[in-house]
Amino acid sequence: MTLHILTFIIGTFIASFFMTLAERSLTEKKSSLRDILFSRSRCTSCGKNISPLRLIPVIGFLAARGKCTCGSKINFLYPLSEIICGIVLTASVYINGISPVVIAEGIFLCNSLVIAYFDIKFMRISNLSIAAALIISIIIIFLTANPVYHLKIFAITSSILLLFGYIFAGSIGWGDIKFIAVISLYSDLYELIITLESAILTGCAAGIIIALLKTKNLKIKLPFAPFITAGLFITHFAGNQIYKAFIIYIQQY
Ligand SMILES: [Zn+2]
């Protein structure tokens with residue numbers, strides 16, 4: 001129980017960090033990396049520094065009753081993202097057992113959720129979010145037994161993605177390509193396949209549904225990061241079962 005409370009709290013702080021990182025880098029173009037990482041958070045309405053107590057995930061929002069001292073409302077998506085990431089990290093440890101790799105992969109999922117959210121909001125992926133994902137990926141491969149195997153998958157996937165990106169320019173964003181490349185760095189081959197298959201299937205299904213609902217305009221542009229993130233979740237929580245089911249299915253014939 002203590003462990004799960006701890007992972008939940010860590011998840012909320014991680015969400016808060018990734019949200020700030022992505023939002024600042026996408027909205028404050030002139031800020032230096034130092035400002036993005038270390039400057040105090042301010043209210044977007046009155047510009048006042050937010051007090052340290054109110055920066056505590058979820059609790060800060062509740063203590064402030066969702067408002068700044070100037071009276072403007074704080075976006076409820078902040079505490080919501082913190083709660084969601086707390087649950088994700090806790091579920092990750094609960095389902096997959098506690099290990100440094102599981103924790104690191106759970107943190108990667110939290111960052112991916114933030115990437116997905118801002119891709120929906122701005123149709124862009126922050127390079128700093130990708131850099132954070134890359135750092136977590138590198139940590140994961142050093143925690144696993146075989147970094148060389150992962151580097152090979154990364155090299156092959158990146159080459160294919162680069163070719164795809166140039167040949168089908170415009171059909172997939174460079175942000176998505178970087179995101180997938182970073183995922184390929186720490187994924188096992190079967191995990192990468194399940195992630196990408198799930199991303200493409202959920203993306204196509206969503207695309208068809210949205211196109212049917214908006215019959216006037218069949219040319220739609222969807223952010224792809226939410227589907228990549230959906231694929232990551234499927235792989236993280238059910239990848240092994242899907243892989244085993246697939247092997248059993250293959251061996252029947
Ligand atoms: Zn204010």
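This report concerns the structure included in the present document. (Residues numbered from 1 in each chain as written. Predicted model: local features only at pLDDT ≥ 70, side-chain atom pairs only at ≥ 80, totals over all residues. Heavy atoms only, no water.)

1. Quick look at unusual backbone geometry
Here is the rule we go by: To qualify as a helix, a DSSP run of H or I must reach at least 4 residues; to qualify as a strand, a run of E must reach at least 2; elements of each kind are numbered from the N terminus. Categorising residues by exposure relies on relative accessible area from a 1.4 Å probe, with only protein chains included: less than 20% of the type maximum marks a residue as buried, more than 50% marks it as exposed, and the intermediate range marks it as partly exposed.
Phi at Val-58 is positive, roughly 60°, even though this residue is not glycine. Structurally, the position occupied by Val-58 is in the loop between α2 (33-38) and α3 (59-63). Owing to a relative accessible area of 18%, Val-58 belongs among the buried residues under this scheme. Phi angles above zero are rare outside glycine, and Met-123 is one such case at about 55°. Looking at the secondary structure, you find Met-123 in the loop between α5 (100-122) and α6 (127-143).

2. A word on the coordination of the zinc ion
Where we set the bar: Sites may look incomplete, because water is not among the atoms used; the donor set itself consists of N, O and S atoms within 2.8 Å of the metal (3.2 Å for Na, K and Ca).
Taken together, Cys-43 (SG), Cys-46 (SG), Cys-68 (SG) and Cys-70 (SG) make up the protein donors of the zinc ion, found 2.2 to 2.4 Å from the metal. In the primary sequence, the donor residues of the zinc ion line up as C-x2-C-x21-C-x1-C. Of the two residues, Cys-46 is situated in the loop between α2 and α3 and Cys-70 in the loop between α3 and α4 (77-96); the sequence distance between them amounts to 24 residues. By relative accessible area, which is 38% here, Cys-70 ends up partly exposed.

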